[in-house]
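Reading the structure
Chain by chain, the residues:
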Amino acid sequence: VVTRDDVEESLKAVWQYVKDKEQLLKDLHSQIEETEQRLSVKQGERDYWLEYKNVGSKAQANRIMNLEKDIKEVKDNLHRATEYYRNALKAVKEENDRLVERHMELSKEQAPEKAVRYLDKSSHREIQENEWLKEEVKRYQKEVSDLKASIQLLEEENIGLVTKLIDGRLQNLRV
């Protein structure tokens with residue numbers, strides 16, 4: 001004997017079972033949709049990478065080669081520029097050294113004149129007298145050298161005359 005309560009409980013159990021199965025079916029459908037979405041995303045990634053493999057990698061390889069060529073050109077230009085500026089710097093240093101040396105020589109030449117301008121009258125007069133004495137010494141040295149030369153000529157002439165005289169006497173003695 002089955003009572004109404006038993007039937008109702010049995011129907012409730014079946015109804016609950018169907019409801020659970022429907023909920024499970026909804027969950028499975030949502031999981032299937034999520035999986036399909038993930039699959040489509042992964043399919044899109046796969047397509048992207050396949051396209052990259054077939055087309056993009058070649059373009060990237062060409063771009064890498066072009067960039068390497070550009071890097072080489074930049075290095076070569078840097079090397080040439082470095083050499084140019086090194087040579088220019090060397091030339092400028094040599095020019096500066098030459099100009100400094102010339103300036104030093106001019107300064108050395110002008111130093112006594114500048115020093116004389118700032119001396120008092122007595123020191124200035126002593127310097128002028130010293131210059132005059134130097135000129136006089138040069139003149140006397142020239143006269144001395146001229147006199148030595150003339151003395152030497154006279155001595156040679158005297159020796160020649162004495163030699164002639166002695167030769168003449170020797171000839172007179174022989175006669």
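Computed from a prediction, not measured in an experiment: that's the story for all the values here.

Next up on the list: the overall build of the protein. Check the secondary structure of the protein and you find two helices and zero strands. For a compact globule of 175 residues, the expected C-alpha radius of gyration is about 16 Å, and the protein comes in at 62 Å, more than 25% above that figure. Taken along its principal axes, the extent of the C-alpha atoms in the protein is 205 × 60 × 25 Å. Across the 175 residues of the protein, 1% fall into the buried class. Surface exposure of the protein reaches about 17000 Å², of which carbon and sulfur atoms provide 58%. Charge centroids of the protein, computed over 33 positive and 37 negative side chains, lie 5 Å from each other.

So, on to a nonpolar patch on the surface. Together, Val162, Ile166, Leu170 and Leu173 line one region of the surface with nonpolar side chains, adding up to about 390 Å² of accessible area. With respect to the helices, strands and loops of the structure, Leu170 is situated in helix H2 (residues 121-174). Take Leu170: its relative accessible area is 39%, and that puts it in the partly exposed class.

On to the pattern of salt bridges, then. Following the criterion strictly, the structure yields eight salt bridges and no others. Glu83 is the partner of Arg86 in a salt bridge, and the nearest nitrogen-oxygen pair spans 2.6 Å. Pair noted here: Arg86 and Glu83 are both in helix H1 (residues 4-117), with a separation of three residues, about one helical turn. For the salt bridge of Glu95 with Arg98, the shortest nitrogen-to-oxygen distance reads 2.4 Å. Note that Glu95 and Arg98 are positioned in helix H1 at a spacing of three residues, about one turn of the helix. Among the charged side chains, a network of salt bridges with common partners joins Glu136, Arg139 and Glu143.

So, on to a negative patch on the surface. A grouping of Glu94, Asp97, Glu101, Glu105, Glu109 and Glu113 is seen on the molecular surface, where their side chains present a negatively charged patch. Here Glu105 is to be found in helix H1.

Glancing now at the side chain of Glu136. Looking at the secondary structure, you find Glu136 in helix H2. Assessed through its relative accessible area of 15%, Glu136 is described here as buried. A distance of 2.3 Å separates polar atoms of two side chains, one belonging to Glu136 and the other to Arg139.

Here the focus is the environment of Tyr84. With respect to the secondary-structure elements, Tyr84 resides in helix H1. Distance in space between the C-alpha atoms of Tyr84 and Lys121 is 58 Å, their sequence separation being 37 residues.

This part is about the packing of aromatic side chains. For any pair of aromatic rings, the description consists of the separation of the ring centres together with the inter-plane angle of the planes. Taken as a whole and judged by the stated rule, the model has two aromatic pairs. Between the aromatic rings of Tyr48 and Trp49, the centroid separation amounts to 5.1 Å while the plane-to-plane angle is 75°, which identifies the pairing as edge-to-face. Where Tyr84 meets Tyr85, the ring centres are 5.2 Å apart and the plane angle is 70°; that geometry is what we call edge-to-face. For Tyr84, a relative accessible area of 54% puts it in the exposed group. A residue is classified by how much of its surface remains accessible, and Tyr85, at 55% relative accessible area, is exposed. One Lys or Arg, Arg139, reaches over the ring of Tyr140 and ends 4.9 Å from the middle of that ring.

Relative to the assigned elements, Lys26 resides in helix H1. C-alpha of Lys26 to C-alpha of Ser122: the two residues are 96 residues apart in sequence and 127 Å apart in space.

Rules of the game
Residues numbered from 1 in each chain as written. Predicted model: local features only at pLDDT ≥ 70, side-chain atom pairs only at ≥ 80, totals over all residues. Heavy atoms only, no water. Helix = DSSP H or I, 4+ residues; strand = E, 2+ residues; numbered from the N terminus. Rg over C-alpha atoms; globule rule 2.2 N^0.38 Å. Buried < 20%, exposed > 50% of the residue type's maximum accessible area, 1.4 Å probe, protein only. Areas by Shrake-Rupley, 256 points an atom, 1.4 Å probe, with all protein chains shown as cover. Lys, Arg positive; Asp, Glu negative; His and termini not counted. Charge placed at Lys NZ, Arg CZ, Asp CG, Glu CD. Patch = residues over 30% accessible without salt bridge, like charges linked within 9 Å, V, L, I, M, F, W, Y side chains within 5 Å. Salt bridge = Lys/Arg side-chain N within 4 Å of Asp/Glu carboxyl O. Polar contact = N/O pair within 3.5 Å; in protein donor to acceptor, adjacent residues only side chain to side chain. Phe/Tyr/Trp six-rings, centres within 6.5 Å; stacked < 30°, edge-to-face > 60°. Lys NZ or Arg CZ within 6 Å of the ring centre and 35° of its normal.

The values reported here are purely geometric and, on their own, carry no functional implication.
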